[in-house]
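# Coordinates in review
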Amino acid sequence: MIDPTKILLFIPTMLLISATPGMCMTLAMSLGMSVGLRRTAWMMAGEIAGVAIVSTLSGIGVASLMIRYPRAFTVFTLLGGLYMGWLGLQMWHSRGSMAIHAEALAGSVAVSRRSLVTQGFVTAIANPKGWAFFIALIPPFLLSGKHLFNLHFAVILLVIILSELLCMTLYAVGGKALGKLLRHRGNVAIINRTAGTLMIAVGLWLILQGR
């Protein structure tokens, strides 16, 4: 069973979150600048595997919470919205690890395929913000009272994977051109403020969903 409305709402939401500058997207951009798109694809493969695991495990916990403790789920969704709003404010002021800094793109990278895959996988798995995002984002789009492993969740997972892959590819392809812009602090501030504003909008949307 699939809820088309929830899927159609989840697609732009996930694309917005994936496109927001963060650890994985910054990594894809910097590797695109230093080692090229073809080699960056190995890092993307590791990141996609990590994201699939994180989103599935997050969904399992959230699904159980939804069924057993619906009020706790509402509070959890509200806290997730507040958390993302706080991160958005930090990004707007070019603070925190989610914000892009020009200094982060200065170095070059020379690593093996195995190291690239490992780097992508560990970045996705070990990033606490990634867990927070999926735990906060997935609940409103699941089918209430249903078990997690169904066709609806499979489509959700596919959207997550394709969104991450698309956005990482765009960051890697545009890495060289974006790198030139990001070396100017003024442009970095504009990008951070735009991404932060979008993040705040998603946080507000989640808060409204939890009411």
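Anything mentioned here points back to the structure above.
So, a few notes on the structure that sits alongside this text.

Rules and cut-offs
- Every residue gets a number counted from 1 within its own chain, in the order that chain's sequence is written.
- Only residues with pLDDT of at least 70 are given local features in this predicted model, and only at 80 or more are side-chain atom pairs given and counted; all residues enter the totals for whole chains, interfaces and linings.
- Where side-chain values are given, they derive from all heavy atoms of the structure, hydrogens and water being excluded.
- Numbering of helices and strands starts at the N terminus; helices are DSSP runs of H or I of at least 4 residues and strands are runs of E of at least 2.
- Exposure is judged per residue with a 1.4 Å probe applied to protein chains only, and the accessible area is read against the type maximum: over 50% gives exposed, under 20% gives buried, and values in between give partly exposed.
- Should any heavy atoms of two residues lie within 4.5 Å, those residues are considered in contact.
- Expected helix span is given by 1.5 Å per residue-to-residue step, counting one fewer step than there are residues.
- Our arc is simply the arc of the directions from the helix axis toward the C-beta atoms.
- A fitted line through C-alpha atoms represents every axis, and for helices the fit uses only the stretch in contact; the resulting angles, taken between N-to-C directions, go from 0 to 180 degrees.
- Between 65 and 115 degrees an angle is taken as roughly perpendicular, under 35 as roughly parallel, over 145 as roughly antiparallel, and anywhere else as oblique.
- For any pair of crossing helices, the crossing counts as left-handed if the nearer helix is rotated counterclockwise from the farther one by less than a right angle, and right-handed if it is rotated clockwise.
- Note on aromatic contacts: the rings of Phe and Tyr and the six-membered ring of Trp form a pair at centre separations within 6.5 Å, being stacked when their planes are under 30 degrees apart, edge-to-face when over 60 apart, and tilted otherwise.
- Only buried Ala, Val, Leu, Ile, Met, Phe, Trp, Tyr and Cys residues count toward a nonpolar core, and they belong to the same one when joined by side-chain atoms within 4.5 Å.

## Remarks on the overall build of the protein
- When you go through the protein residue by residue, the secondary structure sums to nine helices and zero strands.
- Along the protein, helices and strands appear, N-terminal first, in the series α-α-α-α-α-α-α-α-α.
- In the protein, buried positions account for 45% of the 211 residues.
- Of the contacts formed within the protein by residues at least 6 apart in sequence, a portion of 88% connects residues at least 24 apart.

## Some words on helix H5 (residues 113-125)
- Between its terminal C-alpha atoms H5 stretches 18 Å, which fits the 18 Å expected from 13 residues at 1.5 Å a residue.
- Buried within H5 are the following residues: Leu-116, Gly-120, Thr-123 and Ala-124. One side of H5 holds all its buried residues, which, seen down the axis, span an arc of 95 degrees.

## Section: the packing of helix H1 (residues 4-19) against helix H7 (residues 151-173)
- Running from amino to carboxyl end, H1 crosses H7 at an angle of 30 degrees, the nearest separation of the two axes being 9 Å. Here H1 lies roughly parallel to H7, going by the angle between them. The handedness of the crossing between H1 and H7 comes out as right-handed. Along the contact surface, H1 presents Lys-6, Ile-7, Phe-10, Ile-11, Met-14, Leu-15, Ser-18 and Ala-19, while H7 presents His-152, Val-155, Ile-156, Val-159, Ile-160, Ser-163, Glu-164, Leu-166, Cys-167 and Tyr-171.

## Topic: H1
- For H1, spanning 16 residues, the distance from its first C-alpha to its last is 23 Å, which sits close to the expected 22 Å at 1.5 Å a residue.
- Three or more residues of H1 are buried, namely Lys-6, Ile-7, Phe-10, Thr-13, Met-14, Ile-17 and Ser-18.

## Side note on the packing of aromatic side chains
- Tallied over the entire structure, the rule returns one aromatic pair.
- Seen in terms of ring centroids, Phe-10 and Phe-141 are 4.8 Å apart; in terms of plane orientation they differ by 65 degrees. Their pairing is edge-to-face. Of this pair, Phe-10 sits in helix H1 while Phe-141 sits in the loop between helix H6 (128-137) and H7; the two residues are 131 residues apart in sequence, bridging distant segments of the chain. Exposure class is identical for Phe-10 and Phe-141. Each is buried.

## Quick look at the environment of Ile-190
- Here Ile-190 shows up in helix H9 (residues 185-210).
- Sequence separation of Ile-190 and Ser-94 is 96 residues, and the distance between their C-alpha atoms is 9.3 Å.

## Side note on the nonpolar core
- Membership of the largest hydrophobic core comes to 16 residues, with the highest contact counts inside it found for Phe-10, Met-14, Val-51, Phe-134, Phe-153, Ile-156 and Ile-160.
- When residues of this core are traced back to their parent elements, those giving at least two are H1, helix H3 (37-68) and H7.
- Broken down by element, the residue count for this core peaks at five residues, all from H7.
- Setting aside chain neighbours within four positions, we find Phe-134 in contact with Met-14, Val-51, Val-54, Ser-55, Ser-58, Pro-139 and Ile-160.

## With respect to the side chain of Glu-164
- Here Glu-164 lies in helix H7.
- Looking at Glu-164, the relative accessible area reads 8%, which means it is buried.
- Not counting residues up to four positions away in its chain, the partners in contact with Glu-164 are Met-14, Ser-18, Met-25, Glu-47, Ile-48 and Val-51.

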